[in-house]
Amino acid sequence: MSTRINKFLAEHSVASRREADRLIEAKRVRINGAIATLGATVDDTDVVKVDGEIIKGAVKRVVIALHKPVGFITSTDTRLRDTVMDLIDFPGRMFPVGRLDVQSSGLLLFTND
């Protein structure tokens, strides 16, 4: 199954999709040795490099369930304090599915997908 190159890079925690588009436009991404173009697709047999470094390994899909306490903001903005991201310890990019107000508590799901 083929995947657009910007999605592939985002799934492998290289960059967000928009940042990946910028990397592609800057000609820093190669697919099988050729300079990648916006909208290009890759599959499991392709070799993708960013700045000469091979991006490899299957992406393991992860879902985390968290009981959000009162006082934490549902945000991934690292400039803010007391966000739900401070409550999870995961080595890759995670995103909350849904949102709870700062004065609410309850179940939040996070995923890297």
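Residues numbered from 1 in each chain as written. Predicted model: local features only at pLDDT ≥ 70, side-chain atom pairs only at ≥ 80, totals over all residues. Heavy atoms only, no water.

### Topic: the sheet that holds strand E7 (residues 63-68)
Stated formally: In short, DSSP must find at least two bridges between two strands for them to pair. A run of H or I in DSSP becomes a helix once it reaches four residues, and a run of E becomes a strand once it reaches two; helices and strands are each numbered from the N terminus. Comment: axis = line fitted to C-alpha atoms, over the contacting stretch for helices; angle = value between 0 and 180 degrees taken between N-to-C directions.
If you trace the 3 strands from one edge of the open sheet to the other, you get E7-E9-E8, paired in antiparallel fashion. For this open sheet the edge positions go to E7 and strand E8 (95-97), each flanked by a neighbour on one side alone. The mean angle between the axes of side-by-side strands here comes to 40°, regardless of whether they run parallel or antiparallel. In the sheet, E7 pairs with strand E9 (residues 106-111) via 6 bridges, with the strands oriented antiparallel. In the strand pairing of E9, Leu66 is matched with Leu108.

### Quick notes on the confidence of the model for the chain
Which entries qualify depends on this criterion: Values of pLDDT, which run from 0 to 100, indicate the predictor's confidence residue by residue.
Model confidence for the chain is summarised by a mean pLDDT of 90, while 97% of its residues fall at 70 or above. No element of the chain has a lower mean pLDDT than helix H1 (residues 5-11), which averages 89, and none a higher one than strand E3 (residues 34-35), which averages 96.

### Let's talk about the sheet that holds E3
Spatial ordering of the open sheet is given by E3-E2-E5-E6, a layout of 4 strands whose pairing is antiparallel. If you trace the sheet from one side to the other, it starts and ends with E3 and strand E6 (53-55), each paired once. With 2 bridges connecting them, strand E2 (residues 29-31) and E3 associate as antiparallel partners. Opposite Ile31, over in E3, you have Ala34 as the bridge partner.

### A look at helix H2 (residues 17-25)
Formally: Each residue is assigned to one of three classes by its accessible area relative to the maximum for its type, calculated with a 1.4 Å probe on protein chains only: buried under 20%, partly exposed between the two thresholds, exposed over 50%. Our arc is simply the arc of the directions from the helix axis toward the C-beta atoms.
The complete set of buried residues in H2 reads Ala20, Leu23 and Ile24. Buried residues along H2 cover an arc of 100° about the axis, so they all sit on one side. H2 presents Arg18, Arg22 and Glu25 as exposed residues on the side facing more than 90 degrees away from its buried surface. Phi turns positive one or two residues past the end of H2, at Lys27, with a value near 60°.

### Points about the environment of Asn32
Quick note on the threshold: Nitrogen and oxygen atoms within 3.5 Å of one another constitute a polar contact, given that in protein one can donate a hydrogen and the other can accept it, and given that sequence-neighbouring residues count only through two side-chain atoms.
Its location among the elements puts Asn32 in the loop between E2 and E3. With relative accessibility at 47%, the residue Asn32 sits in the partly exposed group. Taking C-alpha positions, Asn32 is 9.3 Å from Thr45, a pair spaced 13 residues apart along the chain. Only 2.6 Å separates the side chain of Asn32 from the side chain of Asp46, close enough to count as a polar contact.

### Comments concerning the layout of surface pockets
Definition in use: For cavity detection a 1 Å grid was placed over the protein atoms alone, and a set of points counts as a cavity when a 1.4 Å probe fits there but cannot get out; an open set counts as a pocket when protein lies on both sides within 12 Å along at least five of seven lines, with lining residues being those that have an atom within 4 Å of a point. Grid points are joined across faces, edges and corners, and a volume is the space filled by probe spheres set on the points. Residues are sorted three ways: Asp, Glu, Lys and Arg are charged, Ala, Val, Leu, Ile, Met, Phe, Trp, Tyr, Cys and Pro are nonpolar, and all the rest, Gly among them, are polar.
Its volume calculated, the second largest pocket comes out at about 290 Å³. As for the second largest pocket, its lining consists of 15 residues, of which Ala10, Glu11, His12, Asn112 and Asp113 are closest to the centre. Top contributing element to the lining of the second largest pocket by residue count: H1, with 3 residues. Taken together, the residues of the lining of the second largest pocket break down into 5 nonpolar, 4 polar and 6 charged.

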